[in-house]
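So you can see what is in the structure, the chains are spelled out below.
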There are 2 protein chains.
Amino acid sequence: MKLLITGGAGFIGSHLIDSLLSNGEEVVCVDNLRLGNKNHLKYAIKNKRFQFYNFDLMNFNKLHKLFKKEKFDMVYHLAANSDIQAGFNEVKIDLNNTFYSTFNILSCMKKNKVKKIMFASSSAIYGDLDKKLSEIVGPLLPISNYGAAKLSSEAYISTFCDNYDMKAWILRFPNVVGWRLTHGVINDFLYKLSSSPSELLVLGDGKQEKPYLYIDDLLNAIHLIVEKSNENINIFNIGVESSTTVEFIAETTIAELKLKNIKIKYKGGQKGWIGDVPKFRFDTTKIRKLGWLPTLTSNDAVLLSIQKEIEYRN
Amino acid sequence: MKLLITGGAGFIGSHLIDSLLSNGEEVVCVDNLRLGNKNHLKYAIKNKRFQFYNFDLMNFNKLHKLFKKEKFDMVYHLAANSDIQAGFNEVKIDLNNTFYSTFNILSCMKKNKVKKIMFASSSAIYGDLDKKLSEIVGPLLPISNYGAAKLSSEAYISTFCDNYDMKAWILRFPNVVGWRLTHGVINDFLYKLSSSPSELLVLGDGKQEKPYLYIDDLLNAIHLIVEKSNENINIFNIGVESSTTVEFIAETTIAELKLKNIKIKYKGGQKGWIGDVPKFRFDTTKIRKLGWLPTLTSNDAVLLSIQKEIEYRN
């Protein structure tokens, strides 16, 4: 199959590309390299079944030309503004990079009769609901422009599937960790600790507690769901039932870097930042019924991610 | 209070304006007159507390200037593409008129510190769910670009409320009927029957069955909810528990026009058109707890609407 992967130079995208290539697929990647990093594609670019295009999905004409030329069998749409905090100050970042990019992808799929899309959605679409999050809970009240743009994307994908005979796999990712990080709490801590400070500033009280999934477990889930689930719209939470505190991540990062005498300083309240959902728990019954189980707990995923990312950066 | 009503020249908007003016409010209306009709404001324009602006909400600069000048206390945001069928052929109609208009309103509210918004949402955000629709059911899978754009609007309103300290009343309207119709099934039938045909073509098998609410009942609900419900985000279904078939509407329209020998011809299957939700039932427990009850059943609302609209057009 010939596949388009958007945001393929990002953390998750680059691993997905490696895995699709090793499965024998033909892969075309589009990335504007705003948050992505071309070094993450160093294995992919050696492969004859891989092509890379550097442009922005807001450029509809370029995207449409690519669709006409390449005749994709399916799109894996991961491109988004993954820097959720940035969206608070500049609301158009997510409007354009997270939502409008999806709208343009869908429009090109419609015009070029591409019928299948895997969409990287997010736990952020649920907002700060005080209950276990199954795929059918509501109301959906996101509290970040990122979450709003992901939910808006889901809404349009749903309509396009119904109106224009498409099929979608809407996968709601939790926090995903591993190596080649471009954003997120581990990336932030590694950056802050790279300049040999005497303290590590943590946003929030450190008690924020979320499930972290290891990238390899995520990839297995994606492949399994796309293979096994065949409704017109397939919505799945992907996650672990265990969770990890920010405090654990801070302490583990310092320990793995073998730094001594670093004081951890907590700043702010329960939320790390505006738009942050301090605690959430996915109900993963639906994906478990497909026979998928994560191999790593949340804490083990975080630990392995810190170790592999330190190794990758050296 | 000084209020901005968007889409105020439309069916619901014009009635809302009349009712707000009679409550003593100062009202500024913005409408691009794409689907709205300035004749609907013939009472309002005689009132010194009323101002009308004819421009499109896509024009951010004009909108922003108006916000700066008028210093609104609250926005009633009703502007949208109410022609749901049109959105199937041209997906940008709802993207611009239904979604982007909301985004621009929110951006202007943020910049000008306007903190309150009543948003005219829709049953269309639920899609074709096979269950009674309470405010907390999911998944939300709209099947029209209109529904997708309304859900996207809700998502952004939710985020703006959380991030920028706003308060919202998100009211999910059912089919609303009355006089000054600009769209919808009664409007369609009256238009088709105005040229003295021998038959009335009905889209679908006539068995589509939906709750129709009379405009006066809707207005009472809006005022009550805005007055009595004071969460940061107040989501309410507004509707009747009874419902009406399209067949009933066709027969009643012909009878009220006193037309003889009109054959009703049904075309197509269960759905009237792509994007149509053929049957849905609102759970209205939440609004009933506020003490609101509709005064008319769905059938009575439809009958009165046909009678009053015929009178209004003559």
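Since the structure is predicted, the reported quantities are computational estimates derived from the model, not experimental observations.

A. Layout of the overall build of chain A. Counting secondary structure elements, chain A contains 10 helices and 13 strands. For 314 residues, the compact-globule estimate of 2.2 N^0.38 gives 20 Å, and chain A sits close to it at 19 Å. Its C-alpha atoms put chain A at 60 × 45 × 40 Å along the principal axes. Taking all contacts inside chain A whose residues are at least 6 apart in sequence as the whole, residues at least 24 apart take part in 81%.

B. Spatial organisation of the sheet that holds strand S3 (residues 50-53) of chain A. All names here are of chain A. Read across the open sheet, the seven strands follow the order S3-S2-S1-S4-S5-S6-S11; overall the sheet is parallel. Edge strands, defined here as strands with exactly one partner in the open sheet, are S3 and strand S11 (233-237). Each adjacent strand pair in this sheet contributes to an overall mean axis angle of 15°, direction not counted. Sheet topology places strand S5 (residues 116-122) next to strand S6 (residues 167-173); seven bridges connect them, and they run parallel. The residue of S6 that forms the bridge with lysine 116 is lysine 167. Against the sheet, helix H4 (residues 92-111) makes contact with strand S1 (2-6), strand S4 (74-77) and S5, and its axis sits at roughly 180° relative to S4, the strand it touches most.

C. Layout of the packing of helix H6 (residues 185-193) of chain B against helix H8 (residues 246-256) of chain B. Residue and element names in this part refer to chain B. One can describe the packing of H6 onto H8 by two numbers: an axis separation of 10 Å at closest approach and a directional angle of 40°. Here H8 runs oblique to H6, going by the angle between their axes. Here H6 and H8 pass one another in a crossing that is right-handed. Each of Val185, Ile186, Phe189, Leu190 and Leu193 in H6 lies in contact with H8, whose residues at this interface are Val246, Ile249, Ala250, Thr253 and Ile254. Here the residues of the contact of H6 with H8 sort into nine nonpolar, one polar and no charged.

D. Seen up close, H4(A). At Tyr100(A), H4(A) shows its maximal kink, close to 40°. A positive backbone phi angle near 55° is found at Lys113(A), which sits one or two residues after H4(A).

E. Focus on the interface of chain A and chain B. Contacts between chain A and chain B engage 31 residues on the former and 31 residues on the latter. At the level of elements, H4, helix H5 (145-164) and S11 of chain A are the ones that each hand at least two residues to the side of chain A that touches chain B. Within the side of chain A that touches chain B, the residues separate by chemical class into 18 nonpolar, 11 polar and two charged.

F. Local environment of the relation of the copies chain A and chain B. For the pair chain A and chain B, the best superposition has an RMSD of 0.0 Å and corresponds to a rotation of 180° with a translation of 0.0 Å parallel to the axis. The transformation just described matches what one would write down for a two-fold rotation axis. Residues of chain A ranked by C-alpha distance from the rotation axis are headed by Ser152(A), positioned 2.1 Å from it. Interface overlap between copies is the fraction of interface residues in one copy that are interface residues in the other; for chain A against chain B it reaches 100%, indicating a shared surface.

G. Looking closely at the sheet that holds strand S4 (residues 74-77) of chain B. Residue and element names in this part refer to chain B. With parallel pairing, seven strands are arranged side by side in an open sheet as S3-S2-S1-S4-S5-S6-S11. A single partner strand is all that each edge strand has here, and the edge strands are strand S3 (50-53) and strand S11 (233-237). Taken pair by pair, the neighbouring strands of this sheet meet at an average axis angle of 15°, ignoring direction. Here strand S6 (residues 167-173) pairs with S11 via five bridges, running parallel. Counted as the bridge partner of tryptophan 169 is asparagine 234 from S11. The strands touched by helix H4 (residues 92-111) are strand S1 (2-6), S4 and strand S5 (116-122); relative to S4, the strand with the most contacts, the crossing angle is about 180°.

H. Representation of helix H6 (residues 185-193) of chain A in the model. Residue and element names in this part refer to chain A. Along H6, the residues that are buried comprise Val185, Ile186 and Phe189. End-on, the buried residues of H6 take up no more than an arc of 100°, which puts them together on one face. Along its buried surface, H6 packs onto strand S7 (175-177), strand S8 (199-203), helix H8 (246-256) and helix H10 (298-313).

I. Representation of the domain arrangement of chain A. Residue and element names in this part refer to chain A. Each domain of chain A was delimited in the assignment, giving domain 1 (2-176 + 214-237) and domain 2 (179-211 + 241-280 + 296-313). One C-alpha centre belongs to domain 1, the other to domain 2, and the line joining them spans 26 Å. At the junction of the two partners, domain 1 supplies 26 residues and domain 2 supplies 16 residues. Breaking the side of domain 1 that touches domain 2 down by element, the ones donating at least two residues are helix H1 (11-22) and helix H3 (86-89). Of all the elements, H1 adds the most residues to the side of domain 1 that touches domain 2, at three residues.

What counts, and where the lines are drawn
Residues numbered from 1 in each chain as written. Chains lettered and ligands numbered in written order. Predicted model: local features only at pLDDT ≥ 70, side-chain atom pairs only at ≥ 80, totals over all residues. Helix = DSSP H or I, 4+ residues; strand = E, 2+ residues; numbered from the N terminus. Rg over C-alpha atoms; globule rule 2.2 N^0.38 Å. Contact = placed C-beta atoms within 7 Å. Pairing = 2+ DSSP bridges. Axes fitted to C-alpha atoms, helices over the stretch in contact; angles between N-to-C directions. Parallel < 35°, antiparallel > 145°, perpendicular 65-115°, else oblique. Left-handed = near helix turned anticlockwise from the far one by under 90°. Nonpolar A, V, L, I, M, F, W, Y, C, P; charged D, E, K, R; others polar. Bend = angle between axes of the 7 residues up to and from the residue. Least-squares fit on C-alpha atoms with pLDDT ≥ 70 in both. Buried ≥ 20, exposed ≤ 12 C-beta atoms within 10 Å, placed from the backbone. Arc of directions from axis to C-beta. Domains from an automatic or database assignment.

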